[in-house]
Amino acid sequence: MGLPRRPQFTGLLAMTALPIGRKKMTDQVRVRFAPSPTGFLHIGGVRTALYNWLYARQHGGKIILRIEDTDLERSTDEAVEWILDGMRWLHLDWDDGPYRQTDRFDLYQQDIDRLITENKAYRCYCTPGELEVMRKEALAKGRPTKYNGRCRNLEDGARDGDHTIRFKAPQTGQIVVDDMIRGSVMFDETQMDDLIIRRSDGSPTYNLTVVVDDALMGITHVIRGEDHLSNTPRQIQLYEALGYEVPRFGHMSLILGPDREKLSKRHGAAAVSEFMEMGYLQEAMINYLVRLGWSHEEQEIFTVEQILEHWSLDEQKKSAAIFDHDKLNWVNAQWMKKLPPEEIAYRLAPFLEKRELVQKTPDREWLTKMVLTLRERSTTLVVMAQKAEFYFRELEYDPEPAEKFLTADVAPLMDKVYEFLAGQENYSQEALHESIKAFLETEGLKLKAIAQPLRIALTYRKDSPGLFEVMEVLGKESTLARIDKARKWIRDQ
RNA sequence: GGCCCCAUCGUCUAACGGUCAGGACGCCAGCCUCUCACGUUGGUAGUACGGGUUCGAAUCCCGUUGGGGUCACCA
């Protein structure tokens, strides 16, 4: 339909960055969002992106987008698109990237070579099958499942063939993670495993690539989910082995499902795209997500600008939060009313198209008026599109209320109302309200007497927006046609 | 199971060691009203347990319990 379509993504929000805490270029904040393109963009990933974005914008820093696609088996281009779409939908823009790790394999290889040369990594010839056996054995005996070090001190050339590269993890001492959210967390190096840093097919693995990239890209703050906390000491060992500066870490609590387990698809929606399709507003998603684990006074509804002004990473709660759809719905409903109706009309358009409801070529102004009648009773755009249906096409009467209200005894009254409305020219809701009230008074009647029958006639349902608003949006012609149709329906009964 | 993290209403969260433990969602009831909503008023409901420290503990310490995460040639 000829509805105006605006480019989905603008870099506009980048300009809302507060110039607070701006520092010299040398210690400028650099954060990154580094999703792996192995599926849909999880809502938890979105929250990570959001926190990084906020942190960068608050500190006048940069945010880098990096696609971690070293898992050649599971990574897809489609998933990369999903990530970008999600970021754009939420207006989370980035300053650099997207980089893809598959474009940077030679960089990782250089550092792997360096580790081998410096005797900080070694070739491991154990097969997946052998490793599996070792692991099962260890688990059965009830103790640590780490690699037994069989190939750790192999003579050069002692074995040949397929091999992985393992990092020789230091085994003495302790590692302290000074976490921005959790405070200091200590790990014992005896727990550290000799991680595989290069697969037998030559591709580097996650723990190596994150470290190399974060170091090379000058990342100063790593903000990510708590599920990465136990990876952190391993990564710190790698930073040190490679002689790179260790960044600051901040591990945010996870989002849980109602059963208190990590939120996933089986809890219902977990992908951004689903929320988009369910008709949630971008503003509401951001608002809801930021309130999960953080609060400011007794405020519930925040614009991005307000979040930027008040939010702070170190005020973030440490405990995991359960995703509450009811609360999201409420937040969304607030935003449905808060955004300008023209804006809602604009965003509603695709949902109307999906229901094939725009054949009437509605103009923007008309659509806005319609939105005004619907927004108080629509939690999402999908709900609004549903409720809008009667404006666009003729429907079957909802049988129960039709039988109850469209009865022979209201027929004469319907006739009178029809005649009266036929004589009216001003179909603004205010005028209609006044004139009909006055008219009914002369008839010695109350609005109540005719409200429900009229409602069924005009909207086919027993629940609807106010009658006068409906008439205004419908216009004189449709209003009369529908009342007439109801009169005939009554007669045919 | 090892290691790590966490713990205030059902849920999201407030509370410099001194508050009748506050707000929000949900739920219930009243009001508003042409229906449904919106709005509004009120109600329901919580410091996991046990020890300390202290004149005084939701708050600090220890333990228990509970929940979560993580232990891959995934990220």
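Predicted model, so just to flag it, every value in this text is computed and none were measured.

Undergrad: Please clarify how unusual backbone geometry should be interpreted in this entry.
TA: Negative phi characterises most residues that are not glycine, and trans characterises most peptide bonds. Of note, the bond from glycine 97 into proline 98 is cis; its omega dihedral lies within 30 degrees of zero at 5 degrees. Along the chain, proline 98 turns up in strand β3 (residues 96-100). In this structure, histidine 91 takes a positive phi of about 60 degrees despite not being glycine. Classification of histidine 91 by relative accessible area gives partly exposed; the value is 21%. Notably, asparagine 119 is not glycine yet its phi reads approximately 60 degrees, a positive angle. Mapped onto the elements of the fold, asparagine 119 is located in the loop between α3 (105-117) and β4 (121-124).

Undergrad: Where do I start with the domain arrangement of chain A in this structure?
TA: Size of an interface: often given as the accessible area lost when the parts come together. If you check the domain split of chain A, you get domain 1 (1-98 + 206-338) and domain 2 (394-492). Distance from the C-alpha centre of domain 1 to the C-alpha centre of domain 2: 51 Å.

Undergrad: Would you mind showing me how to read the protein's contact with RNA strand B here?
TA: Taken together, 66 residues form the shell around RNA strand B, and within it Arg182, Arg199, Gly293, Arg377 and Arg455 come nearest. Here a phosphate oxygen of RNA strand B sits 3.2 Å away from a polar atom, N or O, in the side chain of arginine 260. Backbone polar atom of glycine 293 to a phosphate oxygen of RNA strand B: 2.5 Å apart, as the coordinates give it. Of all the secondary structure elements, the ones that give two or more residues to the surface near RNA strand B are α4 (128-140), β7 (183-188), β12 (321-322), α10 (325-338), α17 (447-459) and α18 (467-492).

Undergrad: Got a minute to help me understand the pattern of salt bridges in this structure?
TA: Opposite charge on two side chains lets them pair, provided their charged atoms get close. Applying the stated criterion to the full structure yields 35 salt bridges. Close ionic contact of arginine 57 with aspartate 93 constitutes a salt bridge, the shortest N to O distance being 3.4 Å. One end of the pair, arginine 57, is in helix α1 (residues 43-58); the other, aspartate 93, is in the loop between α2 (77-89) and β3, and 36 residues separate them in sequence. In this pair, the class of arginine 57 matches that of aspartate 93, namely buried. Of the charged contacts, one joins glutamate 118 and lysine 120 as a salt bridge, the two residues approaching to 3.0 Å between their closest N and O atoms. The class of glutamate 118 is partly exposed, set by a relative accessible area of 37%. Several salt bridges share partner residues, and in doing so they unite Arg32, Arg66, Glu68, Arg104, Asp213 and Asp214 into one network.

Parameters at a glance
- Residues numbered from 1 in each chain as written.
- Chains lettered and ligands numbered in written order.
- Predicted model: local features only at pLDDT ≥ 70, side-chain atom pairs only at ≥ 80, totals over all residues.
- Heavy atoms only, no water.
- Helix = DSSP H or I, 4+ residues; strand = E, 2+ residues; numbered from the N terminus.
- Buried < 20%, exposed > 50% of the residue type's maximum accessible area, 1.4 Å probe, protein only.
- Domains from an automatic or database assignment.
- Near = heavy atom within 4 Å.
- Polar contact = N/O pair within 3.5 Å; in protein donor to acceptor, adjacent residues only side chain to side chain.
- Salt bridge = Lys/Arg side-chain N within 4 Å of Asp/Glu carboxyl O.

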